[in-house]
Amino acid sequence: DGTGRAPPAGSSKNVANSALPVPSWHAPWKIRTVLSSHLGWVRSLAVDPTNAMLASGAADRTIKIFDLPRASAGADDALLLTLTGHVGPVRGLVFSPRHPYLFSAGEDKMVKCWDLETNQVVRHYHGHLSGVFCLQMHSTLDVLVTGGRDAVARVWDMRSKHQIHVLSGHDNTVGALIAKTTDPMIVTGSYDCTVKMWDLAAGKCRTTLTHHKKSVRALAAPSFQNTFMTGAADACRKWSGRDGTFLQNMTGHDGVVNDLAINDDGVAVSCGDNGVISFWDYASGYLYQKTETTPQPGSLEAENGVYCATFDLTGTRLITGEADKTIKIWRQDEEASEDTHPVDIAGWKKKWMAERRQRY
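Residues numbered from 1 in each chain as written. Predicted model: local features only at pLDDT ≥ 70, side-chain atom pairs only at ≥ 80, totals over all residues. Heavy atoms only, no water.

Engineer: What's the story with the overall build of the protein in this structure? I'm lost.
Structural biologist: Helix and strand counts for the protein come out as 3 helices and 28 strands. A compact globule built from 360 residues would reach a C-alpha radius of gyration of about 21 Å, and the protein, at 21 Å, matches this within 12%. For the C-alpha atoms alone, the extent of the protein along its principal axes is close to 80 × 50 × 35 Å. Of all 360 residues assigned to the protein, the portion counted as buried reaches 53%. Counting contacts in the protein only where the partners sit at least 6 residues apart, residues at least 24 apart contribute 47% of the total. Accessible area for the protein stands at about 15800 Å²; split by element, carbon and sulfur atoms hold 49% of it. (Helix = DSSP H or I, 4+ residues; strand = E, 2+ residues; numbered from the N terminus. Rg over C-alpha atoms; globule rule 2.2 N^0.38 Å. Buried < 20%, exposed > 50% of the residue type's maximum accessible area, 1.4 Å probe, protein only. Contact = heavy atoms within 4.5 Å. Areas by Shrake-Rupley, 256 points an atom, 1.4 Å probe, with all protein chains shown as cover.)

Engineer: Help me understand the pairing of strand 2 (residues 42-47) in this model?
Structural biologist: Where burial is concerned, most of strand 2 is hidden: 6 out of the 6 residues are buried. As paired strands, strand 2 and strand 3 (residues 53-58) are joined by 5 bridges and run antiparallel to one another. Each bridged residue has a counterpart across the sheet, and for Val47 the counterpart in strand 3 is Leu54. Hairpin connection of strand 2 to strand 3: 5 residues between the antiparallel strands, including Asn51 at a positive phi of 65 degrees. (Pairing = 2+ DSSP bridges.)

Engineer: Before we go on, may I ask you to explain the pairing of strand 28 (residues 326-332) in this structure?
Structural biologist: Side-chain positions along a regular strand alternate between the two faces of the sheet. Here strand 28 lies mainly inside the structure; 5 of its 7 residues are buried. Alignment of strand 1 (residues 29-36) against strand 28, held across 7 bridges, turns out to be antiparallel. Its bridge partner lying in strand 28, Val34 is registered against Lys328. For strand 27 (residues 317-322) and strand 28, the ladder comprises 5 bridges, and the chain directions are antiparallel. Across the sheet, the residue bridging to Arg317 is Arg331, located in strand 28. In textbook terms, the turn of a hairpin is the stretch between consecutive antiparallel strands, and for strand 27 and strand 28 this stretch comprises 3 residues, one of which, Lys325, has a positive phi near 75 degrees.

Engineer: Looking at this structure, how should I read the sheet that holds strand 22 (residues 257-262)?
Structural biologist: Within a beta sheet, neighbouring strands are joined by backbone hydrogen bonds and run either parallel or antiparallel to one another. The 4 strands lie next to each other as 22-23-24-25, forming an open sheet whose pairing is antiparallel. Across the chains shown, the open sheet's two edge strands, defined by having one partner strand only, are strand 22 and strand 25 (286-292). Neighbour to neighbour, the strand axes of the sheet diverge by 20 degrees on average, direction disregarded. Here 5 bridges tie strand 22 to strand 23 (residues 267-272), and the two strands are oriented antiparallel to one another. Opposite Ile262, over in strand 23, you have Ala268 as the bridge partner. (Axes fitted to C-alpha atoms, helices over the stretch in contact; angles between N-to-C directions.)

Engineer: Would you explain the nonpolar core in this entry?
Structural biologist: Generally speaking, a soluble globular protein has its nonpolar side chains buried in company with each other. Counting 17 residues, the largest nonpolar core has Trp29, Val267, Val269, Ile277, Phe279, Phe311 and Leu318 as the members making the most contacts within it. At the level of secondary structure, the elements contributing two or more residues to this core comprise strand 23, strand 24 (276-281), strand 25, strand 26 (306-311) and helix 3 (345-357). Sequence-distant contacts of Leu318, that is, excluding residues within four places in its chain, are made with Trp29, Val269, Phe279, Ala309, Thr310, Phe311, Lys328, Ile329 and Trp330. (Core = buried A, V, L, I, M, F, W, Y, C linked by side-chain atoms within 4.5 Å.)

Engineer: Even after reading the chapter, I still don't get the side chain of Thr310, so can you show me in this structure?
Structural biologist: Residue placement: Thr310 occurs in strand 26. By relative accessible area, which is 17% here, Thr310 ends up buried. Residues contacting Thr310, with those up to four places away along its chain left out, are Leu45, Val47, Ala261, Arg317, Leu318 and Ile319.

Engineer: Honestly, the sheet that holds strand 1 in this entry has me stumped. Any pointers?
Structural biologist: Spatial ordering of the open sheet is given by 1-28-27-26, a layout of 4 strands whose pairing is antiparallel. Strands with a single pairing partner mark the edges of an open sheet, and in this sheet they are strand 1 and strand 26. Each adjacent strand pair in this sheet contributes to an overall mean axis angle of 25 degrees, direction not counted.

Engineer: Even after reading the chapter, I still don't get the environment of Leu102, so can you show me in this structure?
Structural biologist: Structurally, the position occupied by Leu102 is in strand 7 (residues 101-106). Since its relative accessible area comes to 0%, Leu102 is described here as buried. Along the sequence, Leu102 and Asn119 sit 17 residues apart, while their C-alpha atoms lie 9.5 Å from each other. Discounting chain neighbours no more than four positions away, the residues touching Leu102 are Ala55, Ile63, Ile65, Leu83, Leu93, Val94, Phe95, Lys112, Cys113, Trp114 and Leu116.

Engineer: Teacher, can you tell me more about the packing of aromatic side chains here?
Structural biologist: What describes a pair of aromatic rings is the distance from one ring centre to the other and the angle between the planes of the rings. As enumerated under the stated definition, the model contains 12 aromatic pairs in all. Joined through ring pairs, the aromatic side chains of Trp29, Phe279, Tyr288, Phe311 and Trp330 make up one cluster. The ring of Tyr307 carries the charged tip of Arg43 above its face, separated from the ring centre by 4.1 Å. Over the ring of Tyr191 we find Arg217; its NZ or CZ atom is 4.7 Å from the centre of that ring. (Phe/Tyr/Trp six-rings, centres within 6.5 Å; stacked < 30°, edge-to-face > 60°. Lys NZ or Arg CZ within 6 Å of the ring centre and 35° of its normal.)

Engineer: So what exactly am I meant to see when it comes to the environment of Gly57 here?
Structural biologist: Tracing the sequence through the fold places Gly57 in strand 3. By relative accessible area, which is 0% here, Gly57 ends up buried. Sequence separation between Gly57 and Gly40 is 17 residues; the distance between their C-alpha atoms is 9.3 Å. Beyond its immediate sequence surroundings of up to four residues, Gly57 is in contact with His38, Trp41, Val42, Arg43, Ser44, Thr62, Ile63, Val90 and Leu93.

Engineer: Even after reading the chapter, I still don't get the environment of His26, so can you show me in this structure?
Structural biologist: Among the structural elements, His26 can be located in the loop between helix 1 (12-19) and strand 1. Classification of His26 as buried rests on a relative accessible area of 10%. Placed 225 residues apart in sequence, His26 and Thr251 show a C-alpha to C-alpha distance of 18 Å. Sequence-distant contacts of His26, defined by excluding residues within four places in its chain, comprise Asp265, Gly266, Val267, Asp281, Tyr288 and Gln332. Only 3.0 Å separates the side chain of His26 from the side chain of Asp281, close enough to count as a polar contact. (Polar contact = N/O pair within 3.5 Å; in protein donor to acceptor, adjacent residues only side chain to side chain.)

Engineer: Any chance you could explain the pattern of salt bridges here in plain terms?
Structural biologist: A side chain with one charge can pair with a side chain of the opposite charge if their charged atoms come near. One pass over the full model with this rule turns up 13 salt bridges. Taking the shortest distance from any N to any O, the salt bridge between Arg70 and Asp77 comes out at 3.6 Å. (Salt bridge = Lys/Arg side-chain N within 4 Å of Asp/Glu carboxyl O.)

Structure follows, in structure tokens:
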């Protein structure tokens, strides 16, 4: 202020400068490989615990398993096998971290357990009254969690096929869920615009988060921090994983968010119905790249929606499943540097200050 004295602790100038998070630099991403194998929209993806296999489920009712290293290189023999058995679009896939099993969920109300040594269904989990939209496995417990159009999340004992809990409380479809490993907790996102945090031991709702004004279709949690991210058409938001405290708005991805993924380098990805894929620095909330996916030649202009995204275990490959029936594998641009793609600090500060001034 010209007097040489520091501004008082509560002044807006001091708050703005002290709290501005500095974004880390990340290289931009670009498409490396396109896999055209499915005959319908690709709705779900999963990478196995050894990083050797990629499973994809689609609206053509099949599950395809690819050799991930070969698929990344664009080899013709990447497809290992096709699993048939669902009679509706396959909306959820997850590999078991400790068994040679793949779990799948579909709009046909079915939840199946596939034994990958015999390539057959060994278990069915019956109970959903309508389509199953999401599926997760707890990393330390042999527990499977599914959510669907019947507005509940169901917790299953993997071995006995018994339903342990019915987590009811949402008023609309449960579109996304994550199983937190730190304490036995499930987080569900619903089309009723709320996010609920559930105590897995008691089977009761701990907290309901009502900040979103649109359907919550996507959830993701990083491995390095006890937080999680929610995605809806109004904004992406970051929350504390302990008690659900709101931490940050991540605005800039305009449109319906279908899926979120976060890798260990702190890159968060949101993919949209309009074909836009946004890349964020997760720690600061800085949107550093916004790109539009390219629909396959011969497909309609409208078929550039992105339905699902996941990172492989190294975090160096991003795999997306899309409405043009392809699976695309993205890699970071190795030639990019901080000089060629600098962080827009001035623009970031301006946007951050404008959001800080808003009351909500």
